[in-house]
Amino acid sequence: MKVKLKKLGLLVEVLGGIGILISLVFVGIQLKENTKATRSSTATATIDTMTNWYVSMGTNAETSASFYRFLEDPESMTKEERLQHIYNFHGLFLAFQNSYYLSLEGTLDERIPKSLNQVIYGVKDQPGFILYWKSRKSIFFEEYRAYVDDLLVSTDIVSDGVYYNENSD
């Protein structure tokens, strides 16, 4: 009886170990699925932020024209108009900074911030952007400032000129 009880105890231990192993595999699978869902949700939120910004700028002709004027010649605007566009840029760049850090920690696919860099490449030489970055860059985290400053001197990607006036040179 004592030997039978010992064998039964060993069997229960083995079955318990197998149960724990199965539980750990299940937890691993759930964790992987949760990570995918978090990354997907983060990507969606980031893209939604950018989409909303572009839609709000692009669906209002007056806002679009004013923003274009700010980019091209901020000195032609009143102080209040310039400030409005600086705030607009700042909201966009806060989202950029957030996506930068989320990609560093692995929550956001690193390709998303890299695609957002195209916005920076497109405006980096515009007087309005230069004014914005000089006046607001100190508000950002040091690492992000260095990251944007590196983008601003980069010659890897050239803007397609969407923000340049065809009549000026």
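Just above sits the structure.
Residues numbered from 1 in each chain as written. Predicted model: local features only at pLDDT ≥ 70, side-chain atom pairs only at ≥ 80, totals over all residues. Heavy atoms only, no water.

*Asks:* Even after reading the chapter, I still don't get the overall build of the chain, so can you show me in this structure?
*Replies:* Secondary structure assignment for the chain yields six helices and zero strands. The order of α-helices and β-strands along the chain, N terminus first, is α-α-α-α-α-α. Computed over C-alpha atoms, the radius of gyration of the chain comes to 26 Å, more than 25% over the 15 Å expected from 2.2 N^0.38 for 169 residues, which places it beyond the range of a compact globule. Taken along its principal axes, the extent of the C-alpha atoms in the chain is 100 × 30 × 25 Å. Residues classed as buried in the chain amount to 30% of the 169 residues present. Summarising the internal contacts of the chain: among those between residues at least 6 apart in sequence, 69% fall at separations of at least 24. Total accessible area on the chain is roughly 11400 Å²; 60% of this is exposed by carbon and sulfur atoms. A distance of 19 Å separates the average location of the 17 positive side-chain charges in the chain from that of its 21 negative side-chain charges. (Helix = DSSP H or I, 4+ residues; strand = E, 2+ residues; numbered from the N terminus. Rg over C-alpha atoms; globule rule 2.2 N^0.38 Å. Buried < 20%, exposed > 50% of the residue type's maximum accessible area, 1.4 Å probe, protein only. Contact = heavy atoms within 4.5 Å. Areas by Shrake-Rupley, 256 points an atom, 1.4 Å probe, with all protein chains shown as cover. Lys, Arg positive; Asp, Glu negative; His and termini not counted. Charge placed at Lys NZ, Arg CZ, Asp CG, Glu CD.)

*Asks:* I'm lost on a nonpolar patch on the surface in this one. Help?
*Replies:* Together, Leu5, Leu8, Leu11, Val12, Val14, Leu15, Ile18 and Ile22 make up an exposed nonpolar region whose accessible area comes to about 770 Å². On the secondary structure map, Leu11 appears in helix H1 (residues 2–58). (Patch = residues over 30% accessible without salt bridge, like charges linked within 9 Å, V, L, I, M, F, W, Y side chains within 5 Å. Salt bridge = Lys/Arg side-chain N within 4 Å of Asp/Glu carboxyl O.)

*Asks:* Would you take a moment to explain the pattern of salt bridges for this structure?
*Replies:* Enumeration over the complete set of coordinates arrives at four salt bridges. Between Glu81 and Arg69 there is a salt bridge, with its nearest N and O atoms 3.4 Å apart. Of this pair, Glu81 sits in helix H3 (residues 79–104) while Arg69 sits in helix H2 (residues 61–72); the two residues are twelve residues apart in sequence, bridging distant segments of the chain. Residue classification places Glu81 among the partly exposed positions, given a relative accessible area of 26%. Of the residues examined, Arg69 reaches a relative accessible area of 34% and is grouped as partly exposed. A salt bridge links Lys114 to Glu110; the nearest nitrogen and oxygen atoms lie 3.9 Å apart.

*Asks:* Even after reading the chapter, I still don't get the nonpolar core, so can you show me in this structure?
*Replies:* Nonpolar side chains in soluble globular proteins tend to end up buried together. Counting residues in each nonpolar core, the largest one holds 30 residues, and the members touching the most others are Phe89, Phe93, Phe96, Phe129, Tyr132 and Tyr144. Only H1, H2, H3, helix H4 (111–123), helix H5 (127–136) and helix H6 (142–153) provide two or more residues apiece to this core. Ranked by the residues each element gives to this core, the list is headed by H3, at eight residues. The residues contacting Phe96, other than those within four sequence positions of it, are Met50, Leu116, Val119, Ile120 and Tyr144. (Core = buried A, V, L, I, M, F, W, Y, C linked by side-chain atoms within 4.5 Å.)

*Asks:* Sorry, what's going on with the packing of H1 against H2 here?
*Replies:* Each pair of packed helices can be summarised by the angle the axes make with each other and by the distance between the axes. In the contact formed by H1 and H2, the axes pass within 6 Å of each other and the chain directions differ by 100 degrees. In terms of orientation, H1 and H2 fall into the roughly perpendicular class. Here H1 contributes Trp53, Met57 and Gly58 to the contact with H2, which in turn contributes Thr63, Ser64 and Phe67. (Axes fitted to C-alpha atoms, helices over the stretch in contact; angles between N-to-C directions. Parallel < 35°, antiparallel > 145°, perpendicular 65-115°, else oblique.)

As far as function goes, none of this settles anything; it's purely spatial.
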